[in-house]
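Structure at a glance
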Amino acid sequence: MYSLTEDEKDVLQELMNVAYGNATAVVADMLDAFASLSIPNIQVLPTHELLATFESMKAESYFFSTQAFSGEFNGESAFFINDISAQNLAKHLELETADDLDDAILELTNVLTSSLTTKLSQELDTEVSFSLPSITKVPLQDIQEVETFQNYSQVIVIDTDLNFEDQKINGKIFILTKDASIQWLKNKLNTILELLL
Amino acid sequence: MAQEQTQHNLRTLTVDEKIVANIDNGILVLDDSLCIHHYNKWLELHTGKKEKDLLTLKISDVFANINTKTLTRKIKTALRIQTPTFYTANTSKYLIPIKLNQIKNAKFEYMQQDVSIIPFDLEKSLVALIITDQTNMAQTNALLHSHIEEIKELNQELIKERDTIDKKILYIRLNLQAEISDISHALLNLLEYEKEELLGLDFFNFERHLMSATLKEKIKEALKKKEPTNFEERTLSLSGEVLYFQSTFVAEFNAKGVQIGFIIFRENITNAKILAKTQEKMLASSRSAAMGEMIAMIAHQWRQPLSLINTVIATMKVKRELNLLTKEITDNSYEKIQNTVKYLSETIDDFRDYFKPNKEISRVELNTLFEKSIFFIKSEMDVHSIKYSLKASESVEIETYKNELLQTIINIMKNSIDAFEESDEREKKICVTLERLSTHVSIEIVDNAGGIKKDIITKVFEPYFSTKSKNGTGLGLYMSQTIITEHLLGSITLTSENNQTKVLIELPYKIRSQK
């Protein structure tokens, strides 16, 4: 299994911060409201630690959406949003049905992950394409059994808060990558590191 | 140059247009105010509308179902982030309403669509909408979903049922090595153990089994042969309470028919066992009471013959002293004594026979049985000047346990005799009537010894209930009822009116051996 060194993690976090700044503007645009995104807490974890993170989330009910991306840098992004945040989003967008809410969450997933991943890949000098996102509302204890998670080795975790005038939307973004992508990422990060030195 | 131009045409224009026209997807180009800039052939064919009629129209004016706000947002976002945005069939069902006429997709009225909104021309704010038919996928998903729901329901029922079984049925599961692999909570409650304490233990050495070596062998033999076996088990609970179980041992197989172990189903028979033991004690107690009564009866019976012997001897003595004792007189006297002693001996035999419970069913002639019972109590009846009569139209024969019935009859008649002790009735009578009925025989024993008071008549069959101040064990009628109902499979009722007490016994013509 590949893992990232402290230096590599630092560079990646820096890149993620830049990418995330870009996503903020897009989300504000999309939601047609003044929104601010809090400074994200970004971590890079091995998958088994991610599963431990889920343990602490079990008390709440979450919407869980995923979107795969392909290219030299490939993997899957997962977005978790809890019930209350989802309701806040629905209120803000004046949504009427549960399907509309699902659609809005998918849209938010898509916007967050594509702007993040696109920006990140631009920084890494590559291109990515996106598949259709999908959504499930699952009890979190079942997620451990989800095989796709077991297929990934490293996870980039971004904990984010979207703040509207009076409503708060909290979501967690996980960017899951496989060993091959991690190796590619390591090479890229090291090139950047060399440039910086 | 010309060649280059042709190649260029071939490579881009002609090919792209052909593909766009023939591809199995809807392709729609819109600007950010939703006006139509392209409407491909697939869309024309599926919606029955022509591109030429639609150009410059707003898509939301053509299809009223389209949510302008959402679509505008998605288009703007796609242009802003320069990556596609999406509608998915799972959540949005469809964008462009296309009626379905396929038999296999009867569930949906309209084609279910995935839509990708691709940034097409940033300067002109154009996006291309690629529409993919996902009806089959949606159909499969819906089918899967309904099946999953069904399975969930079945699973729920199964869990509920398993729970009920666990709470109500006493069972132990063993693996092939006869180690305990599961045990129901109903049984654990009785044994007062926690499940974890028993799992994995060898069944033959677990709990505080009071299992004999013979029984162990019998069960082990059955294990080998995989034959269902019934046996009685005795075990101690954690706190030391003795528990009796009637158990059934059966092999357990998995869905493929491979044996995976055994299940022992148990029935708690502790209460029945304790009741049986109490009854045994009562029976023993009533037997010793009966023994006392029998000795009294023998004494009554012997008094007269013994005084006869005494008289004969005294007469011989006097005659010898007077020298009047001839050989003839001596022989005569000896014969008398011999006959009387024989009679005494026979009386003992008779009593002993009566006292022994029968192991086998025999044919019983009821008239004879009553003669016999009168023989035992005649002397006592004489003391109280009780007249006895038997009414029977014909010979009544049944197959039953003879001595049990005899004991019961004597017991009931003795009750009548005891009742007469406190009665001033002048014409003391015990009347017995035997009757053959179609399904059974009836025995009616009526006395006129004053009857039984209403407030106690319901209690007479209860154990340890007695009206007699002394010598009453209170078990007589209780045991009579037990014998009649449980051993002789009949019924006994007691009624009282006009100074009379009537005991009615009804018995089947024939019973099967149960001992």
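Scroll up for the structure.
All of the points below concern the structure found in this document.

Definitions and limits used
Residues numbered from 1 in each chain as written. Chains lettered and ligands numbered in written order. Predicted model: local features only at pLDDT ≥ 70, side-chain atom pairs only at ≥ 80, totals over all residues. Helix = DSSP H or I, 4+ residues; strand = E, 2+ residues; numbered from the N terminus. Buried ≥ 20, exposed ≤ 12 C-beta atoms within 10 Å, placed from the backbone. Contact = placed C-beta atoms within 7 Å. Pairing = 2+ DSSP bridges. Axes fitted to C-alpha atoms, helices over the stretch in contact; angles between N-to-C directions. Core = buried A, V, L, I, M, F, W, Y, C linked by C-beta atoms within 7 Å. Nonpolar A, V, L, I, M, F, W, Y, C, P; charged D, E, K, R; others polar. Parallel < 35°, antiparallel > 145°, perpendicular 65-115°, else oblique.

Below, the discussion takes up the overall build of chain B. Assigned secondary structure in chain B consists of 16 helices and 18 strands. Counting the 515 residues in chain B, one finds 23% classified as buried. Here the analysis covers contacts within chain B between residues at least 6 apart in sequence; of these, 57% occur between residues at least 24 apart.

So, on to the overall build of chain A. When helices and strands are tallied, chain A shows 6 helices and 8 strands. The N-to-C order of helical and strand elements in chain A reads α-β-β-α-β-β-α-α-β-β-α-β-β-α. Taken across its 197 residues, chain A has 39% of its residues classed as buried. In chain A, the proportion of contacts linking residues at least 24 apart, taken out of those at least 6 apart, comes to 75%.

Our next topic: the sheet that holds strand S1 (residues 26-31) of chain B. All names here are of chain B. Taken in spatial order, the 5 strands line up as S2-S1-S5-S4-S3 in an open sheet, and their pairing is antiparallel. Of all the strands in the sheet, just strand S2 (36-39) and strand S3 (85-87) have a single pairing partner and so form its edges. Across the sheet, the mean angle separating the axes of adjacent strands is 20° when strand polarity is ignored. Pairing of S1 with S2, which is carried by 3 bridges, proceeds in the antiparallel orientation. When the bridges of S2 are listed, Val29 appears paired with His38. Where helix H5 (residues 68-81) meets the sheet, it contacts S1, S3, strand S4 (113-121) and strand S5 (126-133), and its direction lies at approximately 50° from that of S4.

Here the focus is the nonpolar core. Core analysis: the largest hydrophobic core is formed by 70 residues, its most contacted members being A:Met16, A:Ile105, A:Leu112, B:Val127 and B:Leu129. When residues in this core are grouped by element, the largest group, 11 residues, is from helix H1 (residues 6-31) of chain A. Ranked by size, the runner-up nonpolar core spans 35 residues in total, among them B:Phe370, B:Ile430, B:Ile484 and B:Val503.

Our focus in this paragraph is the pairing of strand S6 (residues 170-174) of chain B. Residues and elements named next belong to chain B. Going residue by residue along S6, you find Leu170, Ile172 and Leu174 tucked away on one face and Tyr171 and Arg173 left uncovered on the opposite face. Alignment of S6 against strand S11 (residues 259-268), held across 5 bridges, turns out to be antiparallel. Residue pairing across strands places Leu174 opposite Phe262, the latter belonging to S11. Relative to strand S7 (residues 180-183), S6 runs antiparallel, the two being bridged by 3 bridges. Its bridge partner lying in S7, Ile172 is registered against Ile183. As consecutive antiparallel partners, S6 and S7 are separated by 5 residues, and within that stretch Ala178 has a phi angle of approximately 65°, a positive value.

Right, let's talk about the pairing of strand S17 (residues 491-497) of chain B for a bit. Residues and elements named next belong to chain B. Across 7 bridges, S17 lies against strand S18 (residues 500-508) in antiparallel orientation. By the bridge assignment for S18, Leu494 is matched with Val503. The loop that links S17 with its antiparallel partner S18 comprises 2 residues; one of these, Asn498, has a positive phi angle of about 45°.

The next point concerns the interface of chain A and chain B. Every contact between the two is made by 18 residues of chain A and, on the other side, 14 residues of chain B. Contributions of two or more residues to the side of chain A that touches chain B are made by H1, helix H4 (98-123) and strand S6 (134-136) of chain A. At 10 residues, the largest contribution of residues to the side of chain A that touches chain B is made by H4(A). Of the residues assigned to the side of chain A that touches chain B, the class counts are 8 nonpolar, 5 polar and 5 charged.

Let's shift gears to the sheet that holds strand S13 (residues 387-392) of chain B. Residues and elements named next belong to chain B. Spatial ordering of the open sheet is given by S13-S15-S16-S18-S17, a layout of 5 strands whose pairing is mixed. The open sheet has two edge strands with one neighbour each: S13 and S17. In this sheet, adjacent strand axes meet at a mean angle of 15° when their direction is disregarded. Sheet topology places strand S15 (residues 429-436) next to strand S16 (residues 440-447); 7 bridges connect them, and they run antiparallel. The residue of S16 that forms the bridge with Arg436 is Val441. Packed on one face of the sheet, helix H13 (residues 366-383) meets S13, S15 and S16 and runs near 175° to S13. Its contacts with the sheet put helix H14 (residues 402-420) on S15, S16 and S18, and the angle it makes with S16 is roughly 15°.

Another point: the packing of H4(A) against H5(B). Across the interface, H4(A) lies against H5(B) with an axial gap of 11 Å and an inter-helix angle of 10°. In this view, H4(A) runs roughly parallel relative to H5(B), as classed from their interaxial angle. For the pair H4(A) and H5(B), the contacting residues are A:Glu107, A:Val111, A:Ser114, A:Ser115 and A:Thr118 in the first and B:Lys74, B:Thr77 and B:Ile81 in the second. Class assignment for the residues of the contact of H4(A) with H5(B) results in 2 nonpolar, 4 polar and 2 charged.

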